[in-house]
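# Topology and contacts: notes
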Amino acid sequence: MVLMLQFSVSVDEEYEPEAPIFGDNLLVERAVRMATSMSMPHAALASYARWWQLEYWLRELVYVELRAKYGLEWGGHVRAGVGRQAQDAAYTHMEAADTENPLAYLDYSQLIQVIESEWNLFEPSLMNQTVWKGRQEELARIRHRIGHIRTPHTDDLSRLDQTLRDLERGTYIALATYNMRRQPDLAKNGDPVTLGWLGEAHPTAKRLIRHAEDQYEVSIRLTVSQRPWATWPDDLSNAPGIIWHCDFFLRRRWIDARAFWNSDELLLTKYYLIHMLADGPHQVGFSFSAADDPELISDAIGETFDAVLSASRWTQLSDERYQELDRRARSVDYRLKASSPWNVVNDQTLPISNFGSGGGVESMPRWR
């Protein structure tokens, strides 16, 4: 995630990191410095970094759009990597944050095939389809050079920079629409999630909403967002392209997102979850695909509410502890997002550069 997206940077500014690029990770710093001081061309390291940004972002995008359209059935559309994933599962001592993500096991060419087979989901977030397909020929050559540790072409870095600049507009649309949320109208929507939580008809809502506010100073907010390719449905039940967002505001309480994720209190929630968003220790959010069973989503929200109250703590946080909790929440699982653009980018974060490659977005783009 370190080299993926640089957000909230004005398009008129050069990006200047406030801290050493490797932080306090001496192992990483030593490896990079030794490699580049001996035989590794600096241009190769730069190309790898830009490629990481590109491919990592595409996998993130594919996950969200497939999850939003197909709900729990999304994995059936990325079956090509199942064999590799099964082989990896035996090496439990080497598990990584994306071990359970089938997209992480696709070759780049297979990832592109998924995108092209579902092009209507990705067009608002990428570029003109003819341009996109043409660009893949050059990108494949660069990917081959990286994969086979070949010396980069002198134009590889500039080609990658140009591709990232061309993706700025679509990336902003994908991220901002995730965070452009509205509250369902209780008078117009009769789905189980709206009735259960805004109408407080769900048993857990009846039991906890006011109790949590009065006794814990914890409040809940339920909203929905619409993916850029989706049309607004008449009924929020089983609605592809609509995402439920359930946010908890802890005020004086706080939560250790890493420990919370690894606990046994989110078993049902994890199954239906798109993301858990850790916006600092005092706010935690959960997103679900409205394409899934609304009754079960409503139940998952109830489980999450109980779990948040149980896991939250009411003690004073030092600045150092606050920063430590934020760092601990990173690179835990591909669904847990901390200090991520999925947490931050919205229709107010303009101007912005998502990749720091010389491009950016200065005004709200249109996609419909």
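Scroll up to find the structure.
Treat the numbers as computed from the prediction; the structure is a model and nothing was measured.

Among the nonpolar cores identified, the biggest contains 47 residues, and Leu58, Ile115, Leu126 and Trp132 are the most heavily contacted of them. Listing elements by their share of this core, those giving two or more residues are α2 (42–70), α4 (108–117), α5 (119–122), α6 (129–147), α7 (156–179) and β3 (273–278). In this structure, Ile255, Trp261, Ala300 and Ala329 belong to the second largest nonpolar core, which totals 41 residues.

Each aromatic ring pair is described using two quantities: the centre-to-centre distance and the angle formed by the ring planes. Using the criterion set out here, one finds 12 aromatic pairs in the structure. A centroid spacing of 5.1 Å and a plane angle of 80° characterise the contact between Tyr63 and Trp74, whose relative ring orientation is edge-to-face. Linking Tyr63 in helix α2 with Trp74 in the loop between α2 and α3 (82–89), this pair joins segments that are 11 residues apart in sequence. Ring geometry for Tyr271 and Tyr272: centres 5.1 Å apart, planes at 85°, overall edge-to-face. Residue classification places Tyr272 among the buried positions, given a relative accessible area of 6%.

Right, let's get into the side chain of Gln136. Following the sequence through the fold, Gln136 ends up in helix α6. Within the local environment of Gln136, its side chain forms a polar contact with the side chain of Tyr108, the two groups lying 2.7 Å apart. The residues touching Gln136, leaving out its near neighbours within four places in the chain, are Tyr108 and Ile112.

Most of strand β1 (residues 219–226) is tucked away, with six of its eight residues classed as buried. In this structure, β1 lies alongside strand β2 (residues 242–249), joined through eight bridges in antiparallel fashion. Paired with Ile220 across the two strands is Phe248, which belongs to β2.

What follows is about the pattern of salt bridges. Taken as a whole, this structure holds 22 salt bridges when the rule is applied. In this structure, the salt-bridge partner of Glu60 is Lys337, at a minimum N-O distance of 2.7 Å. With Glu60 in helix α2 and Lys337 in strand β5 (residues 336–338), this pair connects stretches of sequence that are 277 residues apart. With respect to burial, Glu60 and Lys337 carry one shared label: buried. Residues Arg181 and Asp247 are paired through a salt bridge, measuring 3.1 Å at the closest nitrogen-oxygen approach. Here the residue Arg181 occupies a position in the loop between α7 and α8 (192–198), and Asp247 occupies one in strand β2, the gap between them amounting to 66 residues. Accessibility expressed as a relative area gives 24% for Arg181, which makes it partly exposed.

This paragraph deals with the packing of helix α9 (residues 203–216) against helix α12 (residues 294–311). Direction vectors running N to C along α9 and α12 enclose 25°, while the axes themselves pass 10 Å from each other. When the interaxial angle is binned, α9 and α12 end up roughly parallel. For α9 against α12, the interelement crossing comes out left-handed. Across the interface between the two elements, Thr204, Arg207, Leu208, Ile209, Ala212 and Tyr216 of α9 pack against Gly302, Phe305, Asp306 and Leu309 of α12.

Calculation rules
- Counting from 1, residues in each chain are numbered in the order their sequence is written.
- Where local features are concerned, this predicted model is filtered to residues with pLDDT of at least 70; where side-chain atom pairs are given and counted, the filter is 80 or more; whole-chain, interface and lining totals use all residues.
- Where side-chain values are given, they derive from all heavy atoms of the structure, hydrogens and water being excluded.
- Here the nonpolar core consists of buried residues drawn from Ala, Val, Leu, Ile, Met, Phe, Trp, Tyr and Cys, with membership extended through side-chain atoms lying within 4.5 Å.
- Three exposure classes are used, based on accessible area relative to the maximum for each residue type with a 1.4 Å probe and protein chains only: buried under 20%, partly exposed in between, and exposed over 50%.
- Only DSSP runs of H or I reaching four residues or more are called helices, and only runs of E reaching two or more are called strands; each is numbered from the N terminus.
- Only the six-membered ring of Trp is used, alongside the rings of Phe and Tyr, when aromatic pairs are assigned; centres must lie within 6.5 Å, and planes under 30 degrees apart are stacked while those over 60 apart are edge-to-face, with the rest tilted.
- Any pair of nitrogen or oxygen atoms within 3.5 Å is treated as a polar contact; in protein, a donor-acceptor pairing is required on top of that, and neighbouring residues in sequence qualify only through side-chain atoms on both sides.
- Contacts are assigned to residue pairs with any non-hydrogen atoms lying within 4.5 Å of each other.
- The pairing criterion is simple: DSSP has to find at least two bridges between the two strands.
- Note on definitions: salt bridges are taken to be side-chain nitrogens of Lys or Arg within 4 Å of carboxyl oxygens of Asp or Glu.
- With axes taken as lines fitted to C-alpha atoms, and helix axes fitted only over the stretch in contact, angles between N-to-C directions fall between 0 and 180 degrees.
- For this classification, under 35 degrees means roughly parallel, over 145 means roughly antiparallel, 65 to 115 means roughly perpendicular, and everything else is oblique.
- Whether a crossing is left-handed or right-handed is set by the direction in which the near helix is turned from the far one by less than a right angle, anticlockwise for left-handed and clockwise for right-handed.

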